Amino acid sequence: MDKTPKTAIRGMMLYVLALLVLGVLAGAAYMIYGHPADPSERPAAETIPQKAPAPQ
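Residues numbered from 1 in each chain as written. Predicted model: local features only at pLDDT ≥ 70, side-chain atom pairs only at ≥ 80, totals over all residues. Heavy atoms only, no water.

- In the annotation of an unreviewed UniProt entry, the entry for the protein reads Na+/proline symporter, and the organism field reads Rhizobium laguerreae.

**A few points about the overall build of the protein**
Right, on to step 1. When helices and strands are tallied, the protein shows two helices and zero strands.
Right, on to step 2. Residues counted as buried form 0% of the 56 residues belonging to the protein.
Right, on to step 3. Carbon and sulfur atoms form 71% of the exposed surface of the protein, whose accessible area is close to 5800 Å². (Helix = DSSP H or I, 4+ residues; strand = E, 2+ residues; numbered from the N terminus. Buried < 20%, exposed > 50% of the residue type's maximum accessible area, 1.4 Å probe, protein only. Areas by Shrake-Rupley, 256 points an atom, 1.4 Å probe, with all protein chains shown as cover.)

**Some thoughts on the UniProt feature "transmembrane region" (unreviewed entry) in the protein**
Right, on to step 1. Look at the UniProt record and you will see "transmembrane region" (unreviewed entry) annotated at residues 12-33.
Right, on to step 2. As a span, residues 12-33 carries 100% helix and 0% strand, and end to end its C-alpha atoms are 31 Å apart. (UniProt positions renumbered as here; feature names shortened; annotations may be inferred.)

Structure, rendered in C-alpha cells:
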C-alpha cells in the first residue's frame, strides 16, 4: 500500500499545529504590545495640528 495518504495527513496536522502556534504567539504579542502602556497618553489624533480657519 502507498504511504502517501498517511504522509499527507501528518503534513496537514503539522500545518494546523503551526497555524495554532502562530496564532497564540500573535495573540500574546498583541496583548503585550498592542495596547498603549499608559492610559494617560494622548491619542495620536490629538497630536495632529489642526488647520487654522481661512481668514475672511
